Amino acid sequence: MSASGRSETTDDLLAALLDGMDAALCAFDSDGVITHWNREAERILGWTAAEAVGRKGFAGWAVRAADAQDVEERLMAAQDVPGRQVHEFALLTKEGGRVLVRTQSAGVPGADGKPAGVYCAFSEVHAQIDLERSIALSEALMDDASWGVVLVDVDLRPAVVNAHAARAFGSGRTALLGRPLGELLVQGVEELEGALQHVLADGSPPVPVELWVSVRTPEGVRRRCWRSGFLRLGSPLAEEPVPLGVGWLFQDITEARQTALDTAQLRFRAGQLHRSGRAAAECEDPAEAAAVRLDFALAGFAEHALLDVLEQSAAPDRQRLVRVAASPPMLPGAGPAAGASQARYEPGHPALQALDRIGSVRTSAPRGEAAAGWARERQWPQDAAHVLCTVLRSRGRTLGALTFVRGASRAAFEQADAAYAEEVAARVAADLDLAARPRTPGDGLPRS
């Protein structure tokens, strides 16, 4: 290829590169004559390359006469100082409008090292400010925002994590990068990954969602509720939207949500106590009323309730319990008046512990042990995984024990559950105490 051919190819390549830039760019030789003018400069000011190249400076066409000398001096001064110079000018469009631009200019050295001209990149100030705001927002979010921010790639792995999110996961920021979400969360992974996949496929949801997750931290597993918003991230450089991942913003609302759940639970349980009292009041037999209260107590609380009373004929130094009721009935015909059988509890049984403590005892099946065998040894239903035993007391006397049983799908009993069980036990004990009293002719009133 001849020297002239190589020169033409180089010029064509340079022109293509300049026209493909997102920033407006022009260049001046050492005398201030414009040598290059790209399409973005044409878009902003309206002047074509044919109209701009060859002019000396901006005077008389792209800048007001009063500003021309100052603009030229500031631009050409970049030849004599190292680095880039940043200025703001008001330039004129071809239609006569004014555009405030921010310029970055720098000297271009020749082959001999002497100044050969200046290149100048410029953009509209408002566009530059928008870019700077976007960058500043990104840096603020990634630094220490009050929300957790995680940028997740298309493989659903964290690519960027801010300090707040790292604390929520109980780990360092770099330690979370590139790891599958299943390694970070014990529970809630399916819901989170489903939400992320939905965003990648269909776009951002209109409202935040609440996700309950269990986080694996050095201190142990913590259950948290995160209010989460999702944004699909697309490349601004592609002609068609190309997903780069998902921006996930979340805030820990565990305490507020738990408070709301506790309040709703207290309201429901108070309602159940009220309804059970109304239903028990319609029972002629106090023992039947006790069984009715057990039925109401189970709703949303446990799968089984077992009612054991102390055998009156037993020796004073021995505590012998008799199963008088179960809800739901464990055997055909078992109920408050039929099917009573002795509960042969071994020493140390939680029901006997409740009698000794005059309080409540909570227990759960040990991990790694067959729950059915553990329950059978203690005469509980075979699906028992969590048990709460509480004492029956009335008029200063111990009448027996009340046991609530939960399956493995439920959480273990907590202190708030024990308080509710004790409230139910107090009402059941009052019914049993009334049932044990000898009736006299004046005890009852005619029913209306």
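All residue numbers here refer to positions counted from 1 along the written sequence of the relevant chain. With the structure being a predicted model, the display of local features is reserved for residues of pLDDT at least 70 and the display and counting of side-chain atom pairs for 80 or more, all residues being used for whole-chain, interface and lining totals. Water and hydrogen atoms were dropped before computing side-chain values, which therefore reflect all heavy atoms in the structure.

**Section: the sheet that holds strand β11 (residues 243–252)**
What counts is decided by this rule: Criterion used throughout: strands pair if DSSP finds at least two bridges between them. Here a helix means four or more residues in a row that DSSP labels H or I, a strand means two or more in a row labelled E, and each is numbered from the N terminus. Orientation is described by lines fitted to C-alpha atoms, with helices fitted over the stretch in contact, and by angles between N-to-C directions that extend from 0 to 180 degrees.
Across the sheet, 6 strands lie side by side as β7-β6-β11-β10-β9-β8; this open sheet has antiparallel pairing. Both outer strands of the open sheet, β7 (158–161) and β8 (185–187), are each paired with one neighbouring strand and no more. Within the sheet, the average angular offset between the axes of one strand and its neighbour, ignoring direction, is 40°. Inspection of the sheet shows strand β10 (residues 220–234) paired to β11 by 9 bridges, in the antiparallel sense. Counted as the bridge partner of L233 is G245 from β11.

**Things to note about unusual backbone geometry**
A negative phi angle is the norm for most residues apart from glycine, just as the trans form is the norm for most peptide bonds. Look at the link from S327 to P328: it is a cis peptide, with omega at -5°. Within the secondary structure layout, P328 lies in the loop between β13 (321–327) and β14 (341–343). Although it is not a glycine, R395 sits at a positive phi angle of roughly 50°. Tracing the backbone through its elements, the reader meets R395 in the loop between β16 (386–394) and β17 (397–406).

**Some points on helix α9 (residues 189–202)**
Note the following rule: Expected helix span is given by 1.5 Å per residue-to-residue step, counting one fewer step than there are residues. Partly exposed residues are those whose accessible area sits between 20% and 50% of the maximum for their type, while under 20% is buried and over 50% is exposed, using a 1.4 Å probe and protein chains only. The arc under discussion is defined with respect to the helix axis, by the directions toward the C-beta atoms.
Here α9 contains 14 residues, and its C-alpha end-to-end distance of 20 Å stays within 8% of the 20 Å for a straight helix at 1.5 Å per residue. Those residues of α9 lying buried are V189, L192, A195, L196, V199 and L200. Angular distribution of buried residues about the axis of α9 spans 140°; they occupy a single face of the element. Projecting away from the buried face of α9 at angles above 90 degrees are the exposed residues E190, A201 and D202.

**With respect to the pattern of salt bridges**
Here is the rule: By definition, a salt bridge exists where a carboxyl oxygen of Asp or Glu is found within 4 Å of a side-chain nitrogen of Lys or Arg.
Going through the model one piece at a time under the given rule, you end up with 21 salt bridges. Between E88 and R102 there is a salt bridge, with the nearest N and O atoms lying 2.7 Å from each other. Placement of E88 in strand β3 (residues 85–92) and of R102 in strand β4 (residues 98–109) is noted, with a sequence separation of 14 residues between them. Exposure remark for E88: the relative accessible area of 36% places this residue in the partly exposed category. A residue is classified by how much of its surface remains accessible, and R102, at 19% relative accessible area, is buried. Connected through shared salt-bridge partners, E40, R43 and E124 make up one network.

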